[in-house]
Amino acid sequence: MTPSQMNQSAAASSLKNSDLRPKRRTFLVAAAAMLAPMLVGCGSMDMDGEIDGALDSTEAALTPGTMWIGGAVTEPDSDVDTWLSTTRPFGPWRVRRSFNKHLPDHISKTSAANDVANNVITFASVKPPSKGSIEYDVKGVADGDYDDTIRKLAASFPKDHTTYLTMYHEPEENLTGAQFKAMFQRFYKVVKAANPKIKVGTVHMSYQWRPSSDPNLPTRNQDSWWVGPEYTDFLGVDDYNNAIDDHDGIKDEVRTSARTDKSFQRWYEWAKKKGKPLAVVEFGRYDNKAKPEAMVKDLVDTEQYVRDEGFFLFMYWHGKSSKNSKGEIWDYRLSTSASMDAMKKISERGRKGW
């Protein structure tokens, strides 16, 4: 969700990855234990996947600080095949970001249905079901009304496939912290009871964490959004900037990387104290065809920064946004050879094998 989309719902997008069929490898537990401590903020990503005394490398850090690289594709559509073919020039990406408008009861009904067959790590969002005139029945989830549906969905994900799952990403736009916390805690408990292998975490919207004296800023009380250490496996954030140039006179904006973005930094200063693995779940910047080096700088500086800070995941938003209140469509697609080459190098530096 971009800063200009404060009045929009998240766009439903899915993705694809075609030639991504790397061979599975296993590491000895002892060796994996030496490689595993991937520091993320104050926490580390725990390691699952033990099979007959070995550890599936899907869950093993190749080196400390090595991130998964992936993202979303929305044009011309969002299926897995499009995701794979579109990202081939600047991939291979390993993690596919996908969205579900409500709450499917089985993986086959989700936008992540074909991830497993394509050896793509899943990062999926779901929303609460509708109820009468209520588009998203947040309270119903908190009250346990949809436990059976959540349980069925979680159980349908293969336990040997790495899956990251969240409910109601970017909640600060539409919910209060109290509403979100009650909903997410229930969702987490039911998912983990049904399928402990799924990584369940919260995904926030950096724009709503911007430094501001606005008394209505939803994150003035930052900890109102903290669901508690026992109810999340990781903390994620979506971060966008719509500036075209370093000093965009039209929109009065300045280009930023995660390192220099004030909204990102306010969220990060809060999140890194929680002792959980951290992820950039959506990252979008404008590709300036007249100055392609601007996008390259934003990408490379962000990758280096979040890698140095121990993030376990960096995902780019290669797509368009829905129209904002002014009728504008923001386009964050990588569109120059320079930006695609920069992303290709970032992908090559990411974690490789399942």
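Coordinates for the structure precede this section.
Think of each chain on its own: its residues are numbered from 1, step by step along the sequence as written. Residues qualify for local features only when their pLDDT is at least 70, as the model is predicted, and side-chain atom pairs are given and counted only at 80 or more; totals for whole chains, interfaces and linings, by contrast, use all residues. Water and hydrogen atoms were dropped before computing side-chain values, which therefore reflect all heavy atoms in the structure.

A. The environment of D261, seen in detail. The topology assignment puts D261 in the loop between β11 (234-240) and α6 (262-271). In this scheme, a residue with accessible area under 20% of its type's maximum is buried, one over 50% is exposed, and one in between is partly exposed, where area comes from a 1.4 Å probe on protein chains only. Residue classification places D261 among the buried positions, given a relative accessible area of 7%. Discounting residues that sit within four places of it in the chain, D261 has contacts with D239, Y240, N241, T256 and R285. We call two N or O atoms a polar contact when they sit within 3.5 Å, provided that within protein one can donate a hydrogen and the other can accept it, with sequence-adjacent residues counted only if both atoms are side-chain atoms. Here S263 takes part through its backbone nitrogen, which lies 3.1 Å from a polar atom of the side chain of D261. Among the polar contacts made by the side chain of D261, one reaches the main-chain amide nitrogen of F264 at a distance of 2.8 Å. The way it works is that DSSP assigns letters per residue, a run of H or I at least four long becomes a helix, a run of E at least two long becomes a strand, and they are numbered from the N terminus. Residues count as neighbours in contact if any of their non-hydrogen atoms are within 4.5 Å of one another.

B. Highlighting the packing of aromatic side chains. A pair of aromatic rings is counted whenever rings of Phe, Tyr or Trp (Trp by its six-membered ring) have centres within 6.5 Å, and the orientation is called stacked for planes under 30 degrees apart, edge-to-face for over 60 and tilted otherwise. Tallied over the entire structure, the rule returns 25 aromatic pairs. Put simply, the rings of F264, W267, Y268, Y305 and F311 touch in pairs and so form one group of aromatic residues. Should the NZ of a Lys or the CZ of an Arg lie within 6 Å of a ring centre and within 35 degrees of the ring normal, that charge is described as sitting over the ring. Across the ring face of Y168, the terminal group of K127 is positioned such that the distance to the ring centre comes to 4.6 Å. For the cation-ring pair, R210 lies above Y207, with the distance from its terminal atom to the ring centre recorded as 4.1 Å.

C. Here's a closer look at helix α8 (residues 337-349). In this model, α8 (13 residues) spans 18 Å end to end at C-alpha, consistent with the 18 Å of a helix rising 1.5 Å per residue. Among all positions of α8, only S339, A342, M343, I346 and S347 are buried. The buried residues of α8 occupy an angular sector of 140° when projected down its axis, which confines them to one face. On its buried face, α8 is in contact with β6 (68-73), α7 (292-308) and β13 (313-318). What a helix should span is 1.5 Å times the count of its residues minus one. To be clear, the arc concerns the directions from the helix axis to the C-beta atoms.

D. Here's a closer look at unusual backbone geometry. Here E75 and P76 are connected by a cis peptide whose omega angle stands at 0°. The amide bond that connects G91 to the next residue, P92, takes the cis arrangement and shows omega of 5°. Note that P92 resides in the loop between α2 (80-87) and β7 (95-99). Within the chain, Y168 stands out as a residue other than glycine whose phi angle is a positive 60°. Notably, E170 is not glycine yet its phi reads approximately 55°, a positive angle. Positionally, E170 belongs in the loop between β9 (163-167) and α5 (177-194).

E. Focus on the environment of V254. Mapped onto the elements of the fold, V254 is located in the loop between β11 and α6. V254 sits in the partly exposed class, given a relative accessible area of 44%.

F. A look at the nonpolar core. Formed by 69 residues in total, the largest nonpolar core has its most connected members in F187, F264, W267, L299, F311 and Y316. Among the elements that take part in this core, α5 stands out by supplying eight residues, more than any other. With residues near it in sequence (within four places) discarded, L299 still touches F283, Y316, L334, S339, A342, M343 and I346. W68, I121, V203 and L313 belong to the second-largest nonpolar core, a separate cluster that totals 12 residues. Buried Ala, Val, Leu, Ile, Met, Phe, Trp, Tyr and Cys residues form a nonpolar core when they are joined through side-chain atoms within 4.5 Å.

G. Inspection of the side chain of T110 at higher detail. Along the chain, the position of T110 falls in the loop between β7 and β8 (121-126). A polar contact is formed between the side chain of T110 and the backbone oxygen of I107, at a distance of 2.8 Å. Residues contacting T110, with those up to four places away along its chain left out, are N100, P104 and L153.

H. Representation of the pairing of β8. The buried fraction of β8 is high, at six of six residues. Burial of β8 is two-sided: the residues I121, F123 and S125 facing one way and the residues T122, A124 and V126 facing the other way are all buried. A pair of strands is labelled paired if DSSP reports no fewer than 2 bridges between them. Relative to β8, β7 runs parallel, the two being bridged by five bridges. Residue S98 lies in a different strand from β8, and its bridge partner there is A124. In this structure, β8 lies alongside β9, joined through five bridges in parallel fashion. Within β9, the position partnered with F123 by the bridge is Y164.

I. Quick peek at the pairing of β6. The buried count for β6 comes to six of six residues, which makes it a mostly enclosed element. Neither face of β6 is exposed, since W68, G70 and A72 on one face and I69, G71 and V73 on the opposite face are all buried. Pairing geometry for β6 and β13, over six bridges, is parallel. If you follow G71 over to β13, its bridge partner there is Y316. In the sheet, β6 pairs with β7 via two bridges, with the strands oriented parallel. When the bridges of β7 are listed, G70 appears paired with V95.

J. Layout of the pattern of salt bridges. The salt bridge criterion pairs a side-chain nitrogen of Lys or Arg with a carboxyl oxygen of Asp or Glu, the two atoms within 4 Å. Under the defined criterion, the tally for this structure stands at 19 salt bridges. Its salt-bridge partner being R96, residue D115 comes within 2.7 Å of it at the nearest N-O pair. On the criterion of sequence distance, the pair formed by D115 in the loop between β7 and β8 and R96 in strand β7 is long-range, its members being 19 residues apart. By relative accessible area, which is 0% here, D115 ends up buried. According to the relative accessible area criterion, R96 is buried, its value standing at 0%. Three or more residues joined by partner-sharing salt bridges are found here, namely D148, R151 and K152.

Function-wise, these values are silent; they only describe arrangement.
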